[in-house]
Amino acid sequence: MNVQTLRDDFPILKNIIYLDNAATSLTPEPVLKAVLDYYRSYRANVGRGIYSLAQLADQRYREAHRKVADFLGTTQGVVIFTRNTTESINMVAHGLKWKRGDNIVTTLLEHHSNLLPWMRLERSGINLKILKPDQNGKIELSDFENAIDKRTKLVTVTHLSNVLGNILPIKEISQICRDNNSLFLVDGAQSVPHMYLNMKKLDCDFVCFSGHKMLGPTGTGVLWMKSEEMIEPLLVGGGMVDDVSLDGYRRKAGYEGFEAGTPNIAGGIGLGAAIDYLNRIGREEIRIHELTLTAMLLEGLLDIEGIEVYGPRTIEDRSCVFSFNVNRLVPHEVALMLDQASNILVRSGHHCCIPLMNHLGLDHGTVRASLYFYNTENEIERFLATLEKIVKVA
Ligand SMILES: Cc1ncc(COP(=O)(O)O)c(C=O)c1O
């Protein structure tokens, strides 16, 4: 993998050090080209027209769904295109058939997107159990074992914390779900772009993630679910039915039955191109490069006196999302200083995880640096050097 050559596909990188990949990734030229090709050469609606341009658009849009399924290593179930992880999770929350007294088990590590949809269900008599992590983000498997029982309809957890960077033992949690006949939802917003998720091995019922965090256009996300019968669609209307009478309607099979109305066609095709791009580099190559950067960043941050690092201190338990604070400075000050001093872009604040921040006692949140494969060792060095200067003046 030649990072320098790949970086040519991201012209925006000429002037910045982009370390906010957990919020959204950058978009390479081939993805932009795929989006423009659709608008320039075969723009038409999908699932409707019979003329050749409409057939071409339909074929490309359908192909993009297949690419996502291949990426997840599965031919089973259905890949539905959504706007983002948030919409995917809400589709499940709205689409499952609930009854009063059902239990949901989740964790305090969750992004608001995997918390609020379930909190809202509490108003309908659903019980929510929220497992609390320790200071490093760890939740013992025994906590899951104790919380999940035969009344647990759904367990919903993040695979990779967008604050602390720790990886949850999804396989083991899935086994506990199977033992109790509970459904299992994995929030893969942070993991799918970096880790190899194989649906066959993972054994879960729903996986939700965002195309825009893995080189796809903004406004793209995915809900994969094991079987089409598991939920009702969030929206109903045009494009998703085979037949309608005044007595009712018959939904189309597959993703079309869940994507009512004209979808984000260019976005979906762009997401397909993003997957082609990631596959061309090779996921193992990406993993190895990110591992090198992760080790370098972890070691560098731990070495700077005056910085407190949160989350696991060993690379085996973490991925490339880092939260930290600089003594005597609030996170927004640090983010501004990094930007002004060296065009280094990081996120600061609560990262849509206010309950977690309260639990950790971090009133102002943290500074978060998150990597992707186009980051370089040189960028990490410059980031660490700038931080050292900031610590000295703080
Ligand atoms: C773990 C996790 N879940 C859900 C989301 C929500 O993603 P989106 O804003 O694309 O809906 C994010 C976004 O940062 C995330 O990190």
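Enquirer: Any chance you could explain the environment of Val346 here in plain terms?
Expert: Mapped onto the elements, Val346 comes out in the loop between β13 (344–345) and β14 (347–349). Residues Val346 and Lys213, 133 residues apart in the sequence, show an inter-C-alpha distance of 15 Å. When near neighbours in sequence (up to four residues on either side) are disregarded, Val346 contacts Leu19, Ala335, Leu338, Val367, Arg368, Ala369 and Phe383.

Enquirer: Whenever I open this one, the pattern of salt bridges confuses me. Can you help?
Expert: Pairing between side chains becomes possible if they bear opposite charge and their charged atoms approach one another. Counting across every chain of the model gives 16 salt bridges. Between Asp149 and Lys129 there is a salt bridge, with the nearest N and O atoms lying 4.0 Å from each other. Remark: Lys129 occurs in strand β4 (residues 127–131) and Asp149 occurs in the loop between α6 (141–147) and β5 (152–158); sequence separation between them is 20 residues. Exposure remark for Lys129: the relative accessible area of 29% places this residue in the partly exposed category. Here Asp205 and Arg178 are joined by a salt bridge, their closest N and O atoms 3.1 Å apart. On the criterion of sequence distance, the pair formed by Asp205 in the loop between α8 (199–202) and β7 (206–210) and Arg178 in helix α7 (residues 170–179) is long-range, its members being 27 residues apart. Through salt bridges with shared partners, one network takes in Asp58, Arg62, Lys252 and Glu256.

Enquirer: In this structure, what is going on with the nonpolar core? I would like to understand it.
Expert: Among soluble globular proteins, nonpolar side chains are generally buried collectively. Counting 96 residues, the largest nonpolar core has Trp118, Phe206 and Phe373 as its most contacted members. The greatest single-element share of this core, amounting to 10 residues, is contributed by helix α9 (residues 265–281). When residues are assigned to domains, this core turns out to be shared by domain 1 (3–19 + 282–393) and domain 2 (29–280), each giving three or more. Setting aside its immediate chain neighbours within four residues, Phe206 contacts Val92, Leu96, Leu154, Leu183, Phe184, Leu185, Val186, Leu223, Trp224, Met225, Met230 and Ile231. In terms of nonpolar packing, the next biggest core, distinct from the first, is built from 29 residues, Ile17, Phe322, Leu384 and Leu387 among them.

Enquirer: Looking at this model, I keep getting lost on the side chain of Glu290. Mind explaining?
Expert: Counting through the fold element by element, Glu290 comes out in helix α10 (residues 283–303). Within the buried core, Glu290 has no salt-bridge partner, and the shortest N-O distance to an opposite charge, that of Arg287, equals 8.6 Å. A polar atom in the side chain of Glu290 sits 2.9 Å from the side chain of His194. Apart from the residues within four sequence positions on either side, Glu290 is in contact with His194, Cys320, Tyr372 and Phe373.

Enquirer: Whenever I open this one, the pairing of strand β15 (residues 366–370) confuses me. Can you help?
Expert: Along any regular strand the residues' side chains alternate between the sheet's two faces. For β15, the tally of buried residues reaches five of five residues, placing the bulk of the element in the interior. Note: strand β12 (residues 321–326) against β15, four bridges, orientation antiparallel. Counterpart to Ser323 in the pairing with β15 is Arg368. Inspection of the sheet shows β14 paired to β15 by three bridges, in the antiparallel sense. Among the inter-strand pairings, Ser348 is bridged to a residue of β15, identified as Val367.

Enquirer: Looking at this structure, how should I read the domain arrangement of the protein chain?
Expert: Interface size is commonly expressed as the accessible area that is lost once the parts come together. Here the domain parsing of the protein chain yields domain 1 (3–19 + 282–393) and domain 2 (29–280). The C-alpha centroid of domain 2 is placed 28 Å from the C-alpha centroid of domain 1. Taken together, the contacts link 32 residues of domain 1 with 33 residues of domain 2. Buried area between domain 1 and domain 2, both sides added, is near 2,800 Å², and the carbon and sulfur share of it is 58%. Our count for the domain 1 to domain 2 interface comes out at zero salt bridges. Here domain 1 and domain 2 share 17 residue pairs in polar contact (both at pLDDT 80 or more) between them. Those elements giving two or more residues to the side of domain 1 that touches domain 2 turn out to be α10, β12 and α12 (354–360). Looking at the side of domain 1 that touches domain 2, the element that brings in the most residues is α12, giving six residues. Across the side of domain 1 that touches domain 2, the residue classes tally to 20 nonpolar, six polar and six charged.

Enquirer: Help me understand the packing of α10 against helix α13 (residues 377–393) in this model?
Expert: Pairs of packed helices are described in terms of their axes, by the angle between the two and the distance that separates them. It is at 10 Å that the axes of α10 and α13 come closest, and there the two elements cross at 15°. The orientation of α10 relative to α13 falls into the category roughly parallel. Here α10 runs over α13; the crossing is right-handed. Together, Thr292, Leu293, Met296, Leu297, Gly300 and Leu301 of α10 and Glu377, Ile380, Glu381, Phe383, Leu384 and Leu387 of α13 make up the contact between the two elements. Residues that form the contact of α10 with α13 fall into these classes: eight nonpolar, two polar and two charged.

Enquirer: Can you walk me through the packing of aromatic side chains in this structure?
Expert: What describes a pair of aromatic rings is the distance from one ring centre to the other and the angle between the planes of the rings. Per the counting criterion, the structure on display carries 13 aromatic pairs. Ring centres of Phe10 and Tyr374 lie 4.7 Å apart, and the angle between their planes is 50°; on these two criteria the pair is classed as tilted. With Phe10 in the loop between α1 (3–7) and β1 (17–18) and Tyr374 in the loop between β15 and α13, this pair connects stretches of sequence that are 364 residues apart. Judged by its relative accessible area of 0%, Tyr374 is buried.

Enquirer: Before we go on, may I ask you to explain the site of the ligand in this structure?
Expert: Taken together, 14 residues are adjacent to the ligand, and Thr86, Asp187, Gln190, Ser210 and Lys213 come closest. In the model, an oxygen atom of the ligand is placed 2.6 Å from a nitrogen or oxygen of the Gln190 side chain. The contact in question runs from an oxygen atom of the ligand to an N or O atom on the side chain of His212, over 2.7 Å. For the ligand, the accessible surface in isolation is 390 Å², of which the surrounding protein chains cover 90%. Considered class by class, the residues forming the shell around the ligand number two nonpolar, 10 polar and two charged.

Criteria and cut-off values
- Residues numbered from 1 in each chain as written.
- Predicted model: local features only at pLDDT ≥ 70, side-chain atom pairs only at ≥ 80, totals over all residues.
- Heavy atoms only, no water.
- Helix = DSSP H or I, 4+ residues; strand = E, 2+ residues; numbered from the N terminus.
- Contact = heavy atoms within 4.5 Å.
- Salt bridge = Lys/Arg side-chain N within 4 Å of Asp/Glu carboxyl O.
- Buried < 20%, exposed > 50% of the residue type's maximum accessible area, 1.4 Å probe, protein only.
- Core = buried A, V, L, I, M, F, W, Y, C linked by side-chain atoms within 4.5 Å.
- Domains from an automatic or database assignment.
- Lys, Arg positive; Asp, Glu negative; His and termini not counted.
- Polar contact = N/O pair within 3.5 Å; in protein donor to acceptor, adjacent residues only side chain to side chain.
- Pairing = 2+ DSSP bridges.
- Buried area = accessible area lost by both parts, 1.4 Å probe.
- Nonpolar A, V, L, I, M, F, W, Y, C, P; charged D, E, K, R; others polar.
- Axes fitted to C-alpha atoms, helices over the stretch in contact; angles between N-to-C directions.
- Parallel < 35°, antiparallel > 145°, perpendicular 65-115°, else oblique.
- Left-handed = near helix turned anticlockwise from the far one by under 90°.
- Phe/Tyr/Trp six-rings, centres within 6.5 Å; stacked < 30°, edge-to-face > 60°.
- Near = heavy atom within 4 Å.
- Areas by Shrake-Rupley, 256 points an atom, 1.4 Å probe, with all protein chains shown as cover.

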